[in-house]
Amino acid sequence: MIGRLNHVAIAVPDLDAAAALYRDALGAEVGAPQDEPDHGVTVVFINLPNTKIELLHPLGADSPIAGFLEKNPSGGIHHVCYEVEDIIAARDNLARSGARVLGSGEPKIGAHGKPVLFLHPKDFNGTLVELEQV
Ligand code: CO
């Protein structure tokens, strides 16, 4: 059912420093910061030949990643994102197998303008999983 790894998201305490690290030390193609007020994050995308890295930094008072950075002050892998062709079919299939979808269970529009859902990390070996319809 799942397709490509769309991105790995890394929460970072200092977005400029993290972007510079990927650009200068790793020689990666690093995009400009984008504010995503609906998701409470500022994002920098790093394009790799086979996938993307999404650097996440809290935006606003109730950012969903603020608690994560409190527990992981130097940053850490926050989620992985897999592509699916039909997000509703994927959600319904996961629900039948007992996996929990976070929030209302209805897809939201994610950072790439496409529908996304998040799955409970306790159902996926401690990993927060994002599904994105492509
Ligand atoms: Co993501």
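Coordinates for the structure precede this section.
Just so it is clear, the model here is predicted, and its values are computed rather than measured. (Residues numbered from 1 in each chain as written. Predicted model: local features only at pLDDT ≥ 70, side-chain atom pairs only at ≥ 80, totals over all residues. Heavy atoms only, no water.)

### Quick word on the coordination of the cobalt ion
And then number 1: Distances from the cobalt ion to its protein donors, namely H7 (NE2), E54 (OE), H79 (NE2) and E130 (OE), fall within the range 2.0 to 2.6 Å.
And then number 2: Around the cobalt ion, the four donor atoms sit at angles spanning 89 to 177°, and that spread fits a shape best called irregular.
And then number 3: Written as a sequence motif, the donor arrangement for the cobalt ion is H-x46-E-x24-H-x50-E. Of this pair, H7 sits in strand β1 (residues 5–11) while H79 sits in strand β6 (residues 76–84), and the two are 72 residues apart along the sequence. Taken as a pair, H7 and H79 share a single burial class, namely buried. (Donors = N, O, S within 2.8 Å, 3.2 Å for Na, K, Ca; no water. Tetrahedral: all angles 85-135°; square planar, octahedral: opposite > 155°, others 65-115°. Helix = DSSP H or I, 4+ residues; strand = E, 2+ residues; numbered from the N terminus. Buried < 20%, exposed > 50% of the residue type's maximum accessible area, 1.4 Å probe, protein only.)

### Some details on the side chain of H7
And then number 1: Under the relative-accessibility criterion, H7 is labelled buried at 0%.
And then number 2: Within the structure, H7 has its side chain in polar contact with the side chain of N6 (distance 2.8 Å).
And then number 3: Polar contacts involving the side chain of H7 include one to the side chain of H79, which spans 3.4 Å.
And then number 4: Apart from the residues within four sequence positions on either side, H7 is in contact with T51, K52, E54, H79, V80, C81, H112, E130 and E132. (Polar contact = N/O pair within 3.5 Å; in protein donor to acceptor, adjacent residues only side chain to side chain. Contact = heavy atoms within 4.5 Å.)

### As for helix α1 (residues 15–25)
And then number 1: For α1, the complete set of buried residues consists of L15, A18, A19 and Y22. Buried residues in α1, looked at end-on, bunch into an arc of 100°, giving them a common side. Exposed side of α1, more than 90 degrees from the buried face: D16, L21, D24 and A25 are the residues found there.
And then number 2: The elements touched by buried residues of α1 are β1, β2 (29–30), β4 (41–47) and β5 (52–58).
And then number 3: One side-chain oxygen at the N-terminal end of α1 lies 3.2 Å from the backbone nitrogen of D16; it belongs to D14.
And then number 4: Of the residues one or two after α1, G27 is the one with positive phi, at around 65°. (Arc of directions from axis to C-beta.)

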